[in-house]
2 protein chains.
Amino acid sequence: MRLSQFHLHTSKEIPAEAELVSHKLMLKAGMIRKLASGLYTWTPLGLRVLRKVERIVREEMDAAGAIEMLMPTVQPRELWEESGRWEKFGGQLLKMQDRKEAWYCYGPTHEEVITDFARNELASYKQLPIVFYQVQAKFRDEIRPRFGVMRAREFLMKDAYSFHLDEADLDRQYGVMHDAYSRIFTRLGLRFRAVFADTGAIGGSASHEFHVLADSGEDAIAFSDGSGYAANVELAEAVAPHSRPAASEDMREVETPVQKTCEDVAALLGLELSRTVKSIALVGADGFVLALVRGDHTLNEIKLAKVEGLGEYRFATEAEILEHLGSRPGFLGPVRPAKTIRIIADRSVAAMADFVVGANRDGFHLAGVNWGRDLPEPVVVADIRNVSAGDPSPDGSGTLAIARGIEVGHIFQLGRQYAQALGCSVLDANGKAATPTMGCYGIGVSRIVAAAIEQNHDDNGIAWPEAMAPWQAVVCVINPKKDPGVAEAADALHRELNGRGVETAMDDRGLRPGAMFADMELIGIPHRIVVSERGVAAGTFEYRHRRAAEAENLDRATLLDRIGTPA
Amino acid sequence: MRLSQFHLHTSKEIPAEAELVSHKLMLKAGMIRKLASGLYTWTPLGLRVLRKVERIVREEMDAAGAIEMLMPTVQPRELWEESGRWEKFGGQLLKMQDRKEAWYCYGPTHEEVITDFARNELASYKQLPIVFYQVQAKFRDEIRPRFGVMRAREFLMKDAYSFHLDEADLDRQYGVMHDAYSRIFTRLGLRFRAVFADTGAIGGSASHEFHVLADSGEDAIAFSDGSGYAANVELAEAVAPHSRPAASEDMREVETPVQKTCEDVAALLGLELSRTVKSIALVGADGFVLALVRGDHTLNEIKLAKVEGLGEYRFATEAEILEHLGSRPGFLGPVRPAKTIRIIADRSVAAMADFVVGANRDGFHLAGVNWGRDLPEPVVVADIRNVSAGDPSPDGSGTLAIARGIEVGHIFQLGRQYAQALGCSVLDANGKAATPTMGCYGIGVSRIVAAAIEQNHDDNGIAWPEAMAPWQAVVCVINPKKDPGVAEAADALHRELNGRGVETAMDDRGLRPGAMFADMELIGIPHRIVVSERGVAAGTFEYRHRRAAEAENLDRATLLDRIGTPA
C-alpha cells in the first residue's frame, strides 16, 4: 500500500476531551473520529487494526466449532418483554419507535434474539450442542460515554451463544471457549489474564472475564505468580494465615490525642501498620456489629455482605457508635464496649497477637491486645478484606501480585433462564421436552484496539503487537525525486516484502524525514526501513524496530531475515 | 465443512407471508429468519452467501482505489439539520432519543456523516481526489416492508463517496466506479444492465442504476441488442421515425357503435393496431390539450410533463371533453373539434399516414386520416410515449428489448450540495477555498442475494452462480456406516477438493439420499458428487451440475476436471 494512495491524517495536537492515553493516541494517529458523544467513525487506518482483531477472533471461533451468523441490530420490544428485560435492563437500552409506533431497541446484547432463533431452529437433542456467534454492532446508552472506543455507545462485539442438554456439556464447551479466548489474546500479542468473575447478580454458575493488563485499567486484578489463578481483587480470596503467634505483651492504654487512623497511631507508636486493627461499626439485620480488619488491609464490602448472620447492613451513625461503644469514631475497638456487641473478625485479625485497637475512650488506644485474654475469642471469623500483593494465592500455588486490567472478554454459563423465559425446548433422547442450558461468550472487538494501546505505547505513540499493526512494516522513501535509484530500491523492497507475506506500506507522501518518522512511530508500525541515497550507494537499508532504541544499517539479506515471516 | 457440524435447517413448507420466489426460497433453504417486520437474521447458510458478495464488492472497491472505513449506524440530528434532511427525508428515517433526550437517527445513508468527516479531514486539493467506502448496516423504515431481504428495513449496503476539485475529475471517477460495478456484477455471475437513471429530483448531473435482470423485477428496462445502452423504460427515448409515408386513402367516417378502444376499432376494421391513434384529453396550464399516441403505444406521463408549454396538467373531465370536442370519451379525435384545441403529437403519430382516430361523434371513427389534408400539421411534436420492444436504440446501435430488473446498485454524481450545506472546503492550488464536488456509489449487498435468486432458480430451488454459492461443491455420502470404504472415499474427495481451492461441503448428516439431494438442490450447490457403495466398487463418482438434467458417473480425473478450479 502506497501511503500517497491512502488516507493518513495524523495530528500533533492532544485533544482536550481525551483523558486516556489510548483515546489520545487514537485521535492523534487518526484512527478514529468522533461523530457525537460515544459515537466514533473508524478511519481507514483504524479500520485496518479493527479488522485484524476481527479476523483473529473469527478464525479462533471457527476453529472452536462456533458457527457464524448475523442478527439484526434492531430488536422488537416483545422479545425483551418475554425475557423481562425491557424495563429491567435500564437506561443503557436505547429504545425507539418506528413509523407504526411499535417499540424497538438497538440491541445492547443478543440473548433474546438468539434464544428466539434457537426456539424456532432447534427441535431435537441431536442438534445439540451448538454454538452460534456473530460480529455485530451493539449500542449501550452509557450515562457518561468517554475514553473513546474504550467506552463508546456504539461498538463492535463478538458474541457467541451455546446450547446444551446438560451442565456437563456446557462445562465442556465453556472450557473450549476459555481456551479459544486464551488463543485469541495470545495471537493478538497481548498480556492478559482470565479472571474469575462474580456470577451472583446474573445468576449463572461460572464466569471468567478476560482482562488486558494495563496500568490504566479500571479493574484491579490479583493473580498468582505460581499458577494461572487470577481474580478481580474484590473477589479474590484472602487465605487465612496458618496460625496465631503467642501473646508476648501486656495490654496497655496509650494516649493518642489526635491520632484517629491506624496509620497515625502506628506512626506515633513506632509500630508496623500491620500490628494495628481497624474497627468498622455497622448495623446489620440483628443490630450493632463491629467488623475488624488489619490496619494495612482494606474492607471488602462484597465479601462482608456475604457473612452469614449479618444480613443487609449499613454503617453505624455516630450516635449508635456512642451508645454501643461509649466513644466517638477514631478511638473504637472491640475491647470493653459500653454494651455487649457482635464482632466479625477478618481471618488475618483473628490470627494476630499483641495488636493495637481503639480504647473506646476518646484520645486513647490499647496496645498489646490479645484474643482470649483481653477480649473473648472471636466467634465470627471470615474473609472480609481485599487481598494485597504478597498474599499467598488461594489455589495454594505462588504469591499474589496485583495489576490493573481492562475487561475485553467475558464468558459465562448462563443456565436456563433465557431458554425458560422464551420457551425454548428440544426433544431429548426419550422424546421428552427439555430446556437447553446456555453459555454466552463476548469479546469487545473495538475495545480490544484501545486496550492494546493502553498496554503498548511510549512517548512517541503506539507500539502495536505485530498481529494488530495496520502494517507490519513500512518502507520510508527519502528524496526519491533527487535519485531515481532510491525510488526503484524502495519500490522493489516494498514489493518483495508484500510478496513474502509481510504486510508493508510505503511512505511515498513526500514528507521530510522527521515528520515521516514521527508519523510512523505514532501509528506504531513495528518494522521501519528507510531507503535513502546514501543507503542505496552503500547497498544497505536503515532498519529500526518500533521498540528498539537505535536504527541499524543492514544489507538486504540481513534485513529480510530480521523482519522474518509473519505467523 | 462437514454439514453435521454446521447448522442447516431447510423446510418443506412454503411460508404464507412470502410472495416473491426469492423470499420463499430463502426461507425454505433456511438462509434468513424473520425477527420482526423487515428485520431478518442471516443464518449461517445465508451469511456464507452474503459474505461472498461482500468480499467481491470489497475487492473491486479496493482495486478501484476506494479506501474502506466504518461510520456509525447512529447519527446525530444536528448533522441532518445542517443538510436539511432531518424533516425532508420523511418517514423512512428512523428517529430515536437517547437518555439525555438528544435526537438521533439510524442512518438510512451516510452523505451527512461522510461530508462531516471530509470537512474535518480534508484541507488541501492535494488530498483530492479521494474515495471512501464502507460496508455497513442501514435502516429505512419502509411503510410496507416485504419481499424478505429484497425490501428489508435493516439491510447491508456498500456505500462509497468521492470528493473532487472539479466536474471533469468527478466524471473520470464516475467512469472508474461504473467499471468497478460492472466487474462486481460480472464476477458475481449475474446478468445485469447499467441503466441511465433520472437525476431530476435529487439534482445531480449523472446517474446510473445497476439492475439484475429478472422477470419479477419491479422496473422495466429497455436495452439495446447492439450496444451497452440501457435505460428505465420510462426514461428511454423513443426515437422519431425517419419519414412520413404519402397519403394513399381518402378520409372516411366508419360506424363503431360499441368500439371505444383502439384495439376494438382495429379489430372491427381489420387493421393493424399501429394504424390507430389514441387521443388523450388533458387540461394544462393554458387550457384544453389533446395528446396523441399510436394505438399500440403507451403514454409516458413523465415525458409528457416535460413538454414545453404544457405546464402542470391533469386529465380532462367528461364535461370538458364534451365542451371542447363535442363527443364523449371513446370517440375522440383531433379532426374537427367543437372548439379550437392544442395538440401534442407523439413523434410516431406525426409520422403516420392513413390513420384512424375518433370522429368526435358518438359511435363513429375516422379512417384514412392524413396530416395537412384532414387536419393541420401538428405544431407540437414530442416524445411522449414509452419505448416498445423492437424500437431502434436511441444511441443508433441496435434494437431495444425490454426486460424487468431489480435495482441493486446506484452511482450518482451528487455535485456540491452536501459539501456546500455542511461547509466542506479545501484550499485549491492558489490557496483559495474551494467546495469539492461529490459522487456517491451504493450497492445493496443484502439485496443482491435475493436478486440473484430471482434470476437463478428453478422448481427445485436456488441455482447459485458459482461465485455466490455457499459452497461450490458438495460431497453426498450414501450409507457410510454400511461400507467404511464409502466414508473413506468421501473424506478423501472432500479434502482433495478443498485442497484444490474448491470450497466443498460434505453432507454427512445421515439423511436418506432423496432428502439429501432435495436439500442440496434447494440450497443451490453448483456441483453435487455422490459417493456410494456401488460407485466406490466401480471406481466412479456420480456427478451432477445443479443446472444439468442428468447425473453422470465419472472417474476421479474426469470429475476433478469437470469441477475445475474456481476463478
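Residues numbered from 1 in each chain as written. Chains lettered and ligands numbered in written order. Predicted model: local features only at pLDDT ≥ 70, side-chain atom pairs only at ≥ 80, totals over all residues. Heavy atoms only, no water.

Asker: Talk me through the packing of helix H1 (residues 21-28) of chain A against helix H12 (residues 445-455) of chain A; I want residue IDs and the actual numbers.
Answerer: All names here are of chain A. The N-to-C vectors of H1 and H12 enclose an angle of 105°; their axes lie 8 Å apart at closest approach. Classified by the angle between their axes, H1 and H12 sit roughly perpendicular to one another. Along its contact with H1, which presents Val21, Ser22, Leu25 and Met26, the element H12 presents Val449, Ala450, Ile453 and Glu454. Residue classes in the contact of H1 with H12 are distributed as 6 nonpolar, 1 polar and 1 charged. (Axes fitted to C-alpha atoms, helices over the stretch in contact; angles between N-to-C directions. Helix = DSSP H or I, 4+ residues; strand = E, 2+ residues; numbered from the N terminus. Parallel < 35°, antiparallel > 145°, perpendicular 65-115°, else oblique. Contact = heavy atoms within 4.5 Å. Nonpolar A, V, L, I, M, F, W, Y, C, P; charged D, E, K, R; others polar.)

Asker: Outline the domain arrangement of chain A, listing residues and values.
Answerer: One frequently used descriptor of interface size is the decrease in accessible area upon assembly of the parts. Residue and element names in this part refer to chain A. Domain boundaries in chain A define domain 1 (3-237 + 402-453), domain 2 (252-382) and domain 3 (471-563). With 12 residues of domain 1 at the interface, the matching set in domain 3 holds 12 residues. Interface area, domain 1 with domain 3, both sides summed: about 1,100 Å², of which 62% is carbon and sulfur. There are 2 salt bridges connecting domain 1 and domain 3. Counting the contacts that link domain 1 with domain 3 gives 6 residue pairs in polar contact (both at pLDDT 80 or more). Per-element tally for the side of domain 1 that touches domain 3: the top contributor is helix H2 (residues 44-63), with 3 residues. Taken together, the residues of the side of domain 1 that touches domain 3 break down into 6 nonpolar, 3 polar and 3 charged. (Domains from an automatic or database assignment. Buried area = accessible area lost by both parts, 1.4 Å probe. Salt bridge = Lys/Arg side-chain N within 4 Å of Asp/Glu carboxyl O. Polar contact = N/O pair within 3.5 Å; in protein donor to acceptor, adjacent residues only side chain to side chain.)

Asker: Which residues make up the relation of the copies chain A and chain B, and what values go with them?
Answerer: Once chain A has been moved 0.2 Å along the axis and rotated by 180°, it coincides with chain B to within an RMSD of 0.3 Å. As the rotation angle and translation indicate, the two copies are arranged about a two-fold axis. Nearest to the rotation axis, the C-alpha of Met96 of chain A is located 2.5 Å from it, this being the minimum over chain A. A share of 100% of the interface residues of chain A reappears at the interface of chain B, consistent with the copies meeting face to face through the same patch. (Least-squares fit on C-alpha atoms with pLDDT ≥ 70 in both.)

Asker: Explain the pairing of strand E30 (residues 541-545) of chain B to me, using residue names and the numbers behind them.
Answerer: Two faces, one strand: in a regular strand the side chains alternate between the faces of the sheet. Residue and element names in this part refer to chain B. Direction of pairing for strand E29 (residues 527-531) relative to E30: antiparallel, over a ladder of 4 bridges. Looking at the pairing, Val530 lines up with Glu542 of E30. Two elements, E30 and strand E31 (residues 552-554), share 3 bridges in a ladder whose sense is antiparallel. Among the inter-strand pairings, Glu542 is bridged to a residue of E31, identified as Asn553. In textbook terms, the turn of a hairpin is the stretch between consecutive antiparallel strands, and for E30 and E31 this stretch comprises 6 residues. (Pairing = 2+ DSSP bridges.)

Asker: Could you give an account of the pattern of salt bridges, with specific residues and numbers?
Answerer: Per the stated rule, a full pass over the model turns up 93 salt bridges over all chains. Arg509 of chain B is the partner of Asp519 of chain B in a salt bridge, and the nearest nitrogen-oxygen pair spans 2.9 Å. One end of the pair, Asp519 of chain B, is in helix H14 (residues 513-522); the other, Arg509 of chain B, is in the loop between strand E28 (504-507) and H14, with 10 residues separating them in the sequence. For Asp519 of chain B, a relative accessible area of 10% translates into the label buried. Residue class for Arg509 of chain B comes out partly exposed when judged on its relative accessible area of 25%. Salt bridges sharing partners connect three or more residues here, namely Arg51, Glu54, Arg58 and Glu68 of chain A together with Arg51, Glu54, Arg58 and Glu68 of chain B. (Buried < 20%, exposed > 50% of the residue type's maximum accessible area, 1.4 Å probe, protein only.)

Asker: Go over the packing of aromatic side chains, please, and point to the residues and values.
Answerer: Inspection of the entire model under this criterion finds 27 aromatic pairs over all chains. With a centroid separation of 5.5 Å and 50° between ring planes, the pair formed by Tyr106 of chain A and Phe139 of chain A is classed as tilted. Here Tyr106 of chain A, found in strand E6 (residues 103-106), pairs with Phe139 of chain A, found in strand E7 (residues 130-139); they are 33 residues apart in sequence, far enough to count as distant. In this structure Tyr106 of chain A comes out as buried when scored by relative accessible area, which is 0%. The interplanar angle of 70° and the centroid separation of 6.4 Å between the aromatic rings of Tyr181 of chain B and Phe185 of chain B together place this pair among those described as edge-to-face. Note that Tyr181 of chain B and Phe185 of chain B are positioned in helix H6 (residues 167-187) at a spacing of 4 residues, about one turn of the helix. A single burial state applies to Tyr181 of chain B and to Phe185 of chain B, both of which are buried. Aromatic ring contacts, followed pair by pair, group Tyr106 and Phe139 of chain A together with Tyr106 and Phe139 of chain B into a single cluster. The cationic tip of Arg193 of chain A hangs over the ring face of Phe223 of chain A; the distance from NZ or CZ to the ring centre is 4.1 Å. (Phe/Tyr/Trp six-rings, centres within 6.5 Å; stacked < 30°, edge-to-face > 60°. Lys NZ or Arg CZ within 6 Å of the ring centre and 35° of its normal.)

Asker: Tell me about the sheet that holds strand E15 (residues 287-294) of chain B, residues and numbers included.
Answerer: Each strand in a sheet pairs with another by means of backbone hydrogen bonds, the pair being arranged parallel or else antiparallel. Residues and elements named next belong to chain B. Taken in spatial order, the 5 strands of this open sheet run E16-E14-E15-E17-E20, and their pairing is mixed. Each having just a single partner strand, strand E16 (314-315) and strand E20 (380-382) make up the two edges of the open sheet. Where E15 meets strand E17 (residues 342-346), 4 bridges bridge the pair, whose relative direction is parallel. Within E17, the position partnered with Val289 by the bridge is Arg342. Sitting on the sheet, helix H9 (residues 318-325) is in contact with strand E14 (277-284), E15 and E16, with an inclination near 90° to E15.

Asker: How would you summarise the pairing of strand E29 (residues 527-531) of chain A if you had to cite specific residues and measurements?
Answerer: Residue and element names in this part refer to chain A. Counting buried positions along E29 gives 5 out of 5 residues, so the element sits mostly inside the fold. The side-chain alternation of E29 yields two buried faces, one formed by His527, Ile529 and Val531 and the other by Arg528 and Val530. In terms of strand pairing, strand E27 (residues 473-477) meets E29 through 5 bridges, oriented parallel. The residue of E29 that forms the bridge with Val474 is Arg528.

Asker: Quick one: what's the story with the nonpolar core, residue by residue and with numbers?
Answerer: Side chains that are nonpolar tend, in soluble globular proteins, to be buried together. Core analysis: the largest hydrophobic core is formed by 226 residues, its most contacted members being Phe185 of chain A together with Phe185 of chain B. Ignoring any residue separated from it by four or fewer positions in sequence, one finds Phe185 of chain B in contact with Leu190, Phe192, Phe210, Val408, Ile443 and Ile448 of chain B. (Core = buried A, V, L, I, M, F, W, Y, C linked by side-chain atoms within 4.5 Å.)

Asker: Describe the environment of Val289 of chain B, and please don't skip the residues or the numbers.
Answerer: All names here are of chain B. Position of Val289 relative to the elements: it lies in strand E15. Considered as a pair, Val289 and Ala316 are 27 residues apart in the sequence and their alpha carbons are 8.7 Å apart. Once you skip the residues sitting within four places of it in the chain, Val289 turns out to touch Ile280, Ala281, Leu282, Leu310, Arg342 and Ile344.

Asker: I'd love a proper account of the interface of chain A and chain B, names of residues and values included.
Answerer: Across the contact, 56 residues belong to chain A and 56 residues belong to chain B. When the two sides are added together, the surface that chain A and chain B hide from each other amounts to roughly 4,400 Å², 60% of it contributed by carbon and sulfur. Taken together, the links from chain A to chain B amount to 6 salt bridges. Of the charged contacts, one joins Arg33 of chain A and Glu121 of chain B as a salt bridge, the two residues approaching to 2.3 Å between their closest N and O atoms.

Asker: Tell me what's going on with H2 of chain A, and back it up with residues and numbers.
Answerer: Residues and elements named next belong to chain A. Between its first and last C-alpha, H2 extends 28 Å over 20 residues, near the 28 Å set by a 1.5 Å rise per residue. By the criterion of burial, H2 is predominantly enclosed, with 15 of the 20 residues buried. Two residues or fewer past H2, Gly65 is found with a positive phi of approximately 85°. (Expected span 1.5 Å × (residues − 1).)

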